[in-house]
Amino acid sequence: MERNAAQLRLEMLDFADALDQVRARLITIAQAHTATYVPAYTNGVQAMPISYGHYLMAFADSFARDSARIREAYARINLSPMGTAVLANSSWSINRERLAQLLGFDGLIVNSLDAGQISTYDIPIEATSIASSTAIRVGALMQDVHTQYHQTRPWLLLASGKTYTSSAMPQKANPGIIQNTRAKASDVVASAQASLWRAHNVTPGMIDYKNTWSPGSAKTFVHGVEMLQQLADVLDSLRIDPARALDELESEWTTSMELAETLQRTHAIPFRVGHHFASDVVVYAKERNIRPKDFPYAEAVRIYREAGKKYDIKDQRLPLTEKEFRRALSPAEMVLTRTGTGGPQPQEVARMVAAAKDTLAKDRAWSAEARQRLLTAEAALNAAFEGVKSLP
């Protein structure tokens, strides 16, 4: 179990470093795309315009929580089970505290039965659950990227050389690295579940649950590091077309909510009236295949008058000028006019990017310090052995 505990902490640090590499790439791309406007989806349907930087920072912040979970779990993982002689300690006078120090542990799992038999349930399960949680979101991110390949004119592609041509259909550029990353994410989730199920309903002291996370068994962290390296490769390969992304936004009515809100915010029109007006505009447009920026202003005036009659509004004239009407339907304008902490507006995304860089730097420093403590302990251990060897 001592070897397992020492191996697990190294596996976790490798995973943390690979995760930090992914976060760094997400932050860099986000910084370059604070004003690249893309659709965000709910229920699989375009919902609102945001920036691609805003989108990527959502995943970067999510992975930052995983880094925090790793730090918190490491404090429990890096406790020594050594010197317990399986479960009840030894008749020899073993200084467990000194042994822990020499092996780079930060303290003890104090109860000897817990150290040898009980902690081997929950500590590996906690560790692998972090990797599993990361993998689920990696899969979601890859699914979003992969969805673009269903389109004839994607706004998100992979660099030349990162796809492969079908053996039968020469027009296809298959996104193999995306598919492979998704598959590896599934491997991580599956191996983490193996740790859980091997520990389920097994009495303490059995071997079933003690090695399932390790490189020779379920390989959770081996798969996890490979997954993150593959994800980093995908991120490095992304090619984003801002103009095409904006064109996709302008082909849908994701700003109809903003039309209703503008009427409420700037002219105190009840939202139910503005919502009804915007809904009727969308219905009219979709029946005639009209894009938002091409919608006839005269028809908007007419539709608003009809909505005013329905709700018995005294002044049934559309209070927006044509310029104001066009601005309310602009995806870029909708993003730019968002307010509040955490929104997609470029200045707020830039602030979140700066904060994320600071957090990432601290996480990298933590990992480097943890590794250095292990190296220092190893040097002390070697020196102690040399001291023993030199005794007469």
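A brief report on the enclosed structure follows. Here, residues in each chain are numbered from 1, in the same order as that chain's written sequence. In keeping with the predicted nature of the model, local features appear solely for residues at pLDDT of at least 70, side-chain atom pairs appear and are counted solely at 80 or more, and the whole-chain, interface and lining totals rest on all residues. Each side-chain value is derived from all of the structure's non-hydrogen atoms; neither hydrogens nor water enter the calculation.

1. What about unusual backbone geometry?
Note: most peptide bonds trans; most residues except glycine with negative phi. For Asn-43, which is not glycine, the phi torsion reads 55° and is therefore positive. By definition, any uninterrupted DSSP run of H or I lasting at least four residues is a helix, any uninterrupted run of E lasting at least two residues is a strand, and each is numbered from the N terminus. With respect to the helices, strands and loops of the structure, Asn-43 is situated in the loop between β1 (37-42) and β2 (45-51). Only protein chains enter the calculation, and the probe is 1.4 Å; a residue is then buried if its accessible area is under 20% of its type maximum, exposed if over 50%, and partly exposed in between. Taking relative accessible area as the criterion, Asn-43 reaches 79% and is therefore assigned exposed.

2. Structural notes on empty space enclosed by the protein
Here a cavity denotes grid points, spaced 1 Å and computed from the protein atoms alone, that fit a 1.4 Å probe unable to get out, and a pocket denotes an open set having protein on both sides within 12 Å along at least 5 of 7 lines; residues with an atom within 4 Å of a point are the lining. Grid points are joined across faces, edges and corners, and a volume is the space filled by probe spheres set on the points. Applying the stated criterion across every chain yields a total of 2 cavities of 30 Å³ or more. Estimated volume of the second largest cavity: approximately 40 Å³. Considering the residues around the second largest cavity, the lining is formed by Ala-16, Asp-20, Ser-67, Ile-70, Arg-71, Asp-363 and Trp-366. The leading source of residues in the lining of the second largest cavity is helix α2 (residues 52-77), at 3 residues. Considered class by class, the residues forming the lining of the second largest cavity number 3 nonpolar, 1 polar and 3 charged. Three classes are used: nonpolar for Ala, Val, Leu, Ile, Met, Phe, Trp, Tyr, Cys and Pro, charged for Asp, Glu, Lys and Arg, and polar for all others, with Gly counted as polar.

3. Considering a nonpolar patch on the surface
There is a patch of nonpolar side chains on the surface, built from Val-86, Leu-87, Leu-113 and Ile-118 and spanning about 310 Å² of accessible area. Summarising the element assignment, Ile-118 is placed in helix α4 (residues 112-147). Take Ile-118: its relative accessible area is 32%, and that puts it in the partly exposed class. Each patch groups residues whose relative accessible area exceeds 30% and which form no salt bridge, using 9 Å between like charges and 5 Å between nonpolar side chains of Val, Leu, Ile, Met, Phe, Trp and Tyr. Here the open area of atoms and residues is found with the Shrake-Rupley method and a 1.4 Å probe, where only the protein chains shown may cover a residue. Only one rule defines a salt bridge in this text: a Lys or Arg side-chain nitrogen within 4 Å of an Asp or Glu carboxyl oxygen.

4. Topic: the pattern of salt bridges
On inspection of all chains with the given rule, the structure shows 29 salt bridges. Note that Asp-247 is salt-bridged to Arg-153, the shortest N-O span being 3.4 Å. Taken as a pair, Asp-247 in helix α7 (residues 242-250) and Arg-153 in the loop between α4 and β3 (156-158) lie far apart in primary sequence, 94 residues in all. Arg-317 is paired through a salt bridge with Asp-315; the nearest N and O atoms lie 3.1 Å apart. Since its relative accessible area comes to 39%, Asp-315 is described here as partly exposed. Each of Arg-153, Arg-244, Asp-247, Glu-248, Glu-250, Arg-291, Lys-293 and Asp-294 takes part in salt bridges that share partners, so that together they form one network.

5. Quick notes on the packing of aromatic side chains
Here a Phe, Tyr or Trp ring, Trp counted by its six-membered ring, pairs with any other such ring whose centre lies within 6.5 Å, and the pair is stacked when the planes are under 30 degrees apart, edge-to-face when over 60, and tilted otherwise. One pass over the structure, following the stated rule, counts 11 aromatic pairs. Ring centres of Tyr-52 and Trp-155 lie 5.5 Å apart, and the angle between their planes is 85°; on these two criteria the pair is classed as edge-to-face. Placement of Tyr-52 in helix α2 and of Trp-155 in the loop between α4 and β3 is noted, with a sequence separation of 103 residues between them. There is no split in this pair, since Tyr-52 and Trp-155 are both buried. With a centroid separation of 5.6 Å and 70° between ring planes, the pair formed by Tyr-284 and Phe-295 is classed as edge-to-face. Of the two residues, Tyr-284 is situated in helix α9 (residues 271-287) and Phe-295 in the loop between α9 and α10 (297-310); the sequence distance between them amounts to 11 residues.

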